[in-house]
Amino acid sequence: MIKKCLFPAAGYGTRFLPATKSMPKEMMPVVNKPLIEYGVEEAINAGMDGMCIVTGRGKHSLMDHFDKNYELEHQISGTNKEELLEDVRELIDSAHFTYIRQREMKGLGHAILTGRELVGDEPFAVVLADDLCVNEEQGVLAQMVALYKQFRCSIVAVEEVPDNETHKYGVISGEMIKDDLYRVDNMVEKPEPGTAPSNLAIIGRYILTPDIFELIEQTEPGKGGEIQITDALLKQAQSGCVLAYKFKGKRFDCGSVEGYIEATNHCYENIYLKDKKSSELAKKVTGKK
Ligand code: G1P
């Protein structure tokens, strides 16, 4: 039902300089996988197969990552290194990747509007890859798709943050319509300290209905002089319906050094080591070397 996922990935990643001086922030590895690969996996697990990536200058390695590397693959063919590429190969085969370049950085709303050509006239998901989300049972996007099936309107994922952090996020307020689900009546992009409508902060997962594109077109630059998706979503909430969903799982802000280190530790212990143990066990059972 929701087949496409948009990845705004043109930003400079200034919070992570100098690491991101010549490398896209989406390619920063968390353990042994680049950040964007976690996002693509989450989208595939939610049933999507169209990955629409909004890139910018200096982001070639993103495209290379989701493509074949004949020389490397030839070099390691027949060795035990091959299995290290298994996951990404499978992922490349189960989705198609399209790209568009955002020439100017005019905010998240503008990045999403740039992706319109790739998305077309259908509901779609948005993943901000530097928010890494994990949940053992059902991924955050899959949880949101299930809600979309029921409510058929735009949905933003939210989490409670301490009062002294609301100024870093888009913040919503709304009426709770059932457990963990709110009908949005206000949303403010990066409110000044002490003025936030609540402490429910939007994190980098959205499901958007395609009428959002027209609304973005009508949106004037807002916070920081940028075209904000939060402002376009507020219009959608006022003229129709936008839901905010307090998701199940953990989210790491990998755009900050602290969040990135936490994500690395978490993924090492809970994903990497577990996978390693289960593949060693599988080898013991099958006798495979
Ligand atoms: C963007 C959005 C903001 C949201 C945040 C989540 O801000 O504009 O509403 O809360 O992502 O990560 P950014 O972090 O790109 O400044």
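Each chain has its residues counted from 1, running along the sequence as written. Where local features are concerned, this predicted model is filtered to residues with pLDDT of at least 70; where side-chain atom pairs are given and counted, the filter is 80 or more; whole-chain, interface and lining totals use all residues. Side-chain numbers come from the whole structure's heavy atoms, not from hydrogens or water.

**Points about the pairing of strand β12 (residues 242–246)**
Move 1: Exposure is judged per residue with a 1.4 Å probe applied to protein chains only, and the accessible area is read against the type maximum: over 50% gives exposed, under 20% gives buried, and values in between give partly exposed. Helix and strand assignments follow DSSP, with helices taken as H or I runs no shorter than four residues and strands as E runs no shorter than two, numbered in order from the N terminus. Across the 5 residues of β12, 4 count as buried, placing the element largely inside the fold.
Move 2: Pairing between two strands requires that DSSP report at least two bridges joining them. As defined by bridge partners, strand β8 (residues 154–160) adjoins β12 across 5 bridges and the pair is classed as parallel. By the bridge assignment for β12, Ala-157 is matched with Tyr-245.
Move 3: Here strand β10 (residues 181–189) runs beside β12; their pairing, made up of 3 bridges, is antiparallel. Its bridge partner lying in β12, Leu-181 is registered against Tyr-245.

**Structural notes on a negative patch on the surface**
Move 1: Patch construction takes residues with relative accessible area above 30% that form no salt bridge. Like charges are linked within 9 Å, and nonpolar side chains (Val, Leu, Ile, Met, Phe, Trp, Tyr) are linked within 5 Å. All accessible areas in this document rest on Shrake-Rupley with a 1.4 Å probe, and a residue is counted as covered only by the protein chains that are shown. A pair is scored as a salt bridge if a Lys or Arg side-chain nitrogen falls within 4 Å of a carboxyl oxygen belonging to Asp or Glu. Think of it this way: Lys and Arg go in the positive column, Asp and Glu in the negative one, and His and the chain ends go nowhere. We put the charge of a Lys on NZ, of an Arg on CZ, of an Asp on CG and of a Glu on CD. Negative charge collects at one region of the surface, where Glu-86, Asp-87, Glu-90, Asp-93 and Asp-275 lie side by side.
Move 2: Among the elements that take part in the negative patch, helix α4 (residues 86–93) stands out by supplying 4 residues, more than any other.
Move 3: Assignment of secondary structure puts Glu-90 in helix α4.
Move 4: The exposed category is assigned to Glu-90, whose relative accessible area is 58%.

**Notes on the packing of aromatic side chains**
Move 1: Only Phe, Tyr and Trp rings are paired, with Trp represented by its six-membered ring, and only when their centres lie within 6.5 Å; those with planes under 30 degrees apart are stacked, over 60 edge-to-face, the remainder tilted. This structure, assessed with the given rule, holds 4 aromatic pairs.
Move 2: Ring centres of Phe-16 and Tyr-260 lie 5.2 Å apart, and the angle between their planes is 70 degrees; this geometry places the pair in the edge-to-face category. Taken together, the residues Phe-16 in the loop between β1 (4–8) and β2 (29–30) and Tyr-260 in helix α10 (residues 257–286) connect sequence positions 244 residues apart. Each member of the pair, Phe-16 together with Tyr-260, is buried.

**Side note on empty space enclosed by the protein**
Move 1: Within this scheme a cavity is a closed region of a 1 Å grid, computed over the protein atoms alone, that accommodates a 1.4 Å probe without allowing it to escape, whereas a pocket is open but has protein on both sides within 12 Å along at least five of seven lines; lining residues each have an atom within 4 Å of a point. Grid points are joined across faces, edges and corners, and a volume is the space filled by probe spheres set on the points. Enumeration over the complete set of coordinates arrives at 1 cavity of 30 Å³ or more.
Move 2: Estimated volume of the largest cavity: approximately 40 Å³.
Move 3: In terms of lining residues, the largest cavity is bounded by Gly-13, Phe-16, Lys-25, Met-28, Leu-35, Asp-130, Cys-254 and Gly-255.

**Re the side chain of Ser-256**
Move 1: Among the secondary structure elements, Ser-256 is positioned in the loop between β13 (250–253) and α10.
Move 2: Note on Ser-256: relative accessible area 17%, which makes it buried.
Move 3: From its side chain, Ser-256 meets the backbone nitrogen of Gly-259 in a polar contact 3.1 Å long.
Move 4: Two residues form a contact once any of their heavy atoms are found within 4.5 Å. Not counting residues within four places of it along the chain, the set of residues in contact with Ser-256 comprises Arg-15 and Phe-16. Pairs of N or O atoms within 3.5 Å make up the polar contacts considered here, provided that, within protein, one atom can donate a hydrogen while the other can accept it, and that residues adjacent in sequence are counted only when both atoms are side-chain atoms.

**Some details on the site of the ligand**
Move 1: Definition of nearness: a residue and a molecule or strand are near each other if at least one heavy atom of the residue lies within 4 Å of the molecule or strand. Taken together, the neighbourhood of the ligand is formed by 13 residues, with Asp-131, Gly-170, Glu-189, Lys-190 and Ile-202 sitting nearest.
Move 2: The contact in question runs from an oxygen atom of the ligand to an N or O atom on the side chain of Asp-131, over 2.8 Å.
Move 3: Within the side chain of Thr-230, a nitrogen or oxygen atom sits 3.4 Å from an oxygen atom of the ligand.
Move 4: Compared with its free state, where it exposes 380 Å², the ligand has 76% of that area covered by protein.
Move 5: Top element by residues in the shell around the ligand is strand β11 (residues 200–208). It accounts for 4 residues.
Move 6: Residue classes in the shell around the ligand are distributed as 6 nonpolar, 4 polar and 3 charged. Note on residue categories: nonpolar means Ala, Val, Leu, Ile, Met, Phe, Trp, Tyr, Cys or Pro, charged means Asp, Glu, Lys or Arg, and polar means any other residue, Gly included.

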